[in-house]
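# Analysis of the macromolecular model
This is what each chain is made of:
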2 protein chains.
Amino acid sequence: MTYCVGIEVDEGLVFAADTRTNASLDDVRVHRKLHVFEYPGDRAFVVMSAGNLATTQLAISRLRRDAEDPDARSLRSFRHLFEVAEYVGEVLVASQVQAGNSDPHGGINTQATLILGGQIAGERPGLYLVYPLGNCIAASPETPYLQIGESKYGKPILDRIVRPETALEDAARCAVLSLDSTIRSNLSVGLPVDLALIRAGDLRISQQVRLEADTPLYAEIHDTWSRKLENAVRTLPRFPWEPQAADTEEASALPPLPPRRVPAVKDPGDQSAQQ
Amino acid sequence: MTYCVGIEVDEGLVFAADTRTNASLDDVRVHRKLHVFEYPGDRAFVVMSAGNLATTQLAISRLRRDAEDPDARSLRSFRHLFEVAEYVGEVLVASQVQAGNSDPHGGINTQATLILGGQIAGERPGLYLVYPLGNCIAASPETPYLQIGESKYGKPILDRIVRPETALEDAARCAVLSLDSTIRSNLSVGLPVDLALIRAGDLRISQQVRLEADTPLYAEIHDTWSRKLENAVRTLPRFPWEPQAADTEEASALPPLPPRRVPAVKDPGDQSAQQ
């Protein structure tokens, strides 16, 4: 499986993707799913992929080949982003068909889904989800993000936080949290996480980083996010039967939280499970 | 669909269930999925259900009937919770079989899944997930919660927060958040939310409430949880290219967040979507 999320806010675009691919639970590898296409000053795109890895790698290779040919229809030849999305959909369909033709029994799913985002000079940035059929939908101010792959675990934090007014870096932190929630809760999505930002008007990839478990931001999320959430939970309103806190916002008045990391403990043994 | 979660912490048990049932997107109703069985001073149980509604209602009715018969094998006749879980599994299987026998083509799925939790005098509280086959698994200190139904959206907050040391009411707030995350992100799970607590040693249902959208706790979650999360996101570490905040914990030093609720606005029109 895979999890990729693209976010479109007023300040620009955020892209985040995991790197785990698996043919089965015991055939797990790391492959890049976030690909950048950068023509500084004119246009910049990011394509993220979920689904059949052979299909997506073929599609990405074709996008790169076409872009090098000044006479070809390519990422560089269109004036509008929706035309680029249509073209990427064509390349995706062709890549699926080629693989599918070699499998007359249709036992292998060669489909893939893409997220395409970027900006062409003269337009504002945009974000599209390209379906296996080659058709596509755009993000909108009401739904300023698009997901592919294992999308459910990471959806609530996006639904609660991301709006067009969200600052670009806050949206990026939110994307990392969305990935981290998924990675914690599902084995088929894994580190490292690739992150790219396109700030509106930059017409290039503004920032691109790979986050490993020991990257400071990622490590800090692991160290502090649970604690921040725990404190936030404790500042929610009391139930009617609970003693009312003098000031529910004052988490410091609550008894201290137990430590999250404890030294090696004695094995609690079997009696602590079922009875 | 459905979403129910049971949590077992040192202080006791929390049960939370939504109430939406749907045969299809246009056949949506409200039905209770959280059922209490209370024999104060001796034992108390909560059963939550996901799956075929006819099956689960039949199973619950049979559990109630058996418990009224002092000679029957019933929720009242066993000395251990694991035996109660086994018995509930038998009743569940029999209820599925009865419905399934009337459908020779097997086109309708009559299966259901249950969460059973409670305490019998002389034992500590326990929590079980009863599968459609009638077998079951218990919660454990390492995995102190069990979910049935649409479980993915609400899993990250449980994974990040709930531990055996978590206070009972904090676990209950966490369960409500887990439900709320699911309700926001998935149409098949809906309000009101039923919540029940069994405090260890009480040997009765310690608290039972139904939360509607305008119940203070629930309304407050809607009003403040997103804001608390947003503030927490903004106190995560800066990216290397961002100006470093003097004190990353000091959210008040950050520019104020834009309001989440705005008055009616002019329709932004079509140009704000695809391009």
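Residues numbered from 1 in each chain as written. Chains lettered and ligands numbered in written order. Predicted model: local features only at pLDDT ≥ 70, side-chain atom pairs only at ≥ 80, totals over all residues. Heavy atoms only, no water.

### Quick notes on the nonpolar core
Membership of the largest hydrophobic core comes to 68 residues, with the highest contact counts inside it found for I7(A), W225(A), I7(B) and W225(B). Contact partners of W225(A), with chain neighbours within four places excluded, come to I157(A), L177(A), E220(A), R160(B), L229(B), A232(B), V233(B) and L236(B). (Core = buried A, V, L, I, M, F, W, Y, C linked by side-chain atoms within 4.5 Å. Buried < 20%, exposed > 50% of the residue type's maximum accessible area, 1.4 Å probe, protein only. Contact = heavy atoms within 4.5 Å.)

### Some thoughts on unusual backbone geometry
All names here are of chain A. In this structure, the amide linkage connecting L191 to the following residue, P192, adopts the cis form with an omega of -5°. One non-glycine residue with positive phi stands out, namely L203, at about 55°. Counting through the fold element by element, L203 comes out in the loop between β11 (193-199) and β12 (207-211). With relative accessibility at 13%, the residue L203 sits in the buried group. (Helix = DSSP H or I, 4+ residues; strand = E, 2+ residues; numbered from the N terminus.)

### A look at helix α2 (residues 81-101) of chain A
All names here are of chain A. End to end, α2 covers 30 Å across 21 residues, agreeing with the expected 30 Å (1.5 Å per residue, within 8%). Inspection of α2 places L81, V84, A85, Y87, V88, G89, V91, L92, S95 and Q96 among the buried residues, and these make up the whole buried set. Packing partners of the buried residues in α2 comprise β6 (43-51), α1 (53-68), β7 (112-120), β8 (126-130) and β9 (136-138). (Expected span 1.5 Å × (residues − 1).)

### Section: the domain arrangement of chain A
Residue and element names in this part refer to chain A. Examined at the domain level, chain A breaks down into domain 1 (3-212) and domain 2 (213-259). Here domain 1 and domain 2 have C-alpha centroids that lie 34 Å from each other. On the side of domain 2, 9 residues touch domain 1, which itself brings 11 residues to the contact. At the boundary of domain 1 with domain 2, the tally comes to 3 residue pairs in polar contact (both at pLDDT 80 or more). Elements that contribute at least two residues to the side of domain 1 that touches domain 2 include exactly α4 (168-185) and β12. Considering every element that reaches the side of domain 1 that touches domain 2, the biggest residue donor is α4, with 5 residues. Of the residues contributing to the side of domain 1 that touches domain 2, the split by class is 7 nonpolar, no polar and 4 charged. (Domains from an automatic or database assignment. Polar contact = N/O pair within 3.5 Å; in protein donor to acceptor, adjacent residues only side chain to side chain. Nonpolar A, V, L, I, M, F, W, Y, C, P; charged D, E, K, R; others polar.)

### Considering the pairing of strand β1 (residues 3-9) of chain A
In the case of a regular strand, side chains alternate between the two sheet surfaces. All names here are of chain A. With 7 of its 7 residues buried, β1 lies for the most part within the structure. Covered by surrounding structure in β1 are Y3, V5, I7 and V9 together with C4, G6 and E8, the residues of both alternating faces. Between the antiparallel neighbours β1 and strand β2 (residues 12-17) lie 2 residues. (Pairing = 2+ DSSP bridges.)

### Things to note about the interface of chain A and chain B
Contacts between chain A and chain B engage 62 residues on the former and 62 residues on the latter. Carbon and sulfur atoms make up 57% of the surface buried where chain A meets chain B, a total of about 6200 Å² over both sides. The interface formed by chain A and chain B includes 10 salt bridges. Between D170(A) and R234(B) there is a salt bridge, with its nearest N and O atoms 3.9 Å apart. Where the side of chain A that touches chain B is concerned, the elements lending two or more residues are α2, β8, α3 (155-161), α4, β11, β12 and α5 (216-234) of chain A. Grouping the constituent residues of the side of chain A that touches chain B by class yields 29 nonpolar, 11 polar and 22 charged. (Buried area = accessible area lost by both parts, 1.4 Å probe. Salt bridge = Lys/Arg side-chain N within 4 Å of Asp/Glu carboxyl O.)

### Things to note about the relation of the copies chain A and chain B
When chain A is fitted to chain B, the residual RMSD is 0.0 Å, and the transformation amounts to a turn of 180° plus an axial shift of 0.0 Å. Read as a symmetry element, the transformation amounts to a two-fold axis. Nearest to the rotation axis, the C-alpha of Y153(A) is located 2.3 Å from it, this being the minimum over chain A. (Least-squares fit on C-alpha atoms with pLDDT ≥ 70 in both.)

### Description of the packing of α5(A) against helix α5 (residues 216-234) of chain B
One can describe the packing of α5(A) onto α5(B) by two numbers: an axis separation of 10 Å at closest approach and a directional angle of 150°. Here α5(A) lies roughly antiparallel to α5(B), going by the angle between them. Between α5(A) and α5(B) lies a crossing of right-handed hand. Across the interface between the two elements, W225(A), K228(A), L229(A), A232(A) and V233(A) of α5(A) pack against W225(B), K228(B), L229(B), A232(B) and V233(B) of α5(B). Per-class residue counts for the contact of α5(A) with α5(B) are 8 nonpolar, no polar and 2 charged. (Axes fitted to C-alpha atoms, helices over the stretch in contact; angles between N-to-C directions. Parallel < 35°, antiparallel > 145°, perpendicular 65-115°, else oblique. Left-handed = near helix turned anticlockwise from the far one by under 90°.)

### Some details on the state of the cysteines
Within the structure shown, the criterion is met by 0 disulfides over all chains. In this structure C4(A) is a free cysteine whose sulfur lies 16 Å from that of C174(A), the closest cysteine sulfur available. (Disulfide = S-S within 2.5 Å.)

### Let's talk about the packing of aromatic side chains
Residue and element names in this part refer to chain B. Going through the model one piece at a time under the given rule, you end up with 4 aromatic pairs over all chains. Between F239 and W241 the ring centres are 4.7 Å apart and the planes differ by 5°, which places this aromatic pair in the stacked class. Positioned above the aromatic ring of F37 is the side chain of R64, whose terminal nitrogen or guanidinium carbon lies 4.2 Å from the ring centre. (Phe/Tyr/Trp six-rings, centres within 6.5 Å; stacked < 30°, edge-to-face > 60°. Lys NZ or Arg CZ within 6 Å of the ring centre and 35° of its normal.)

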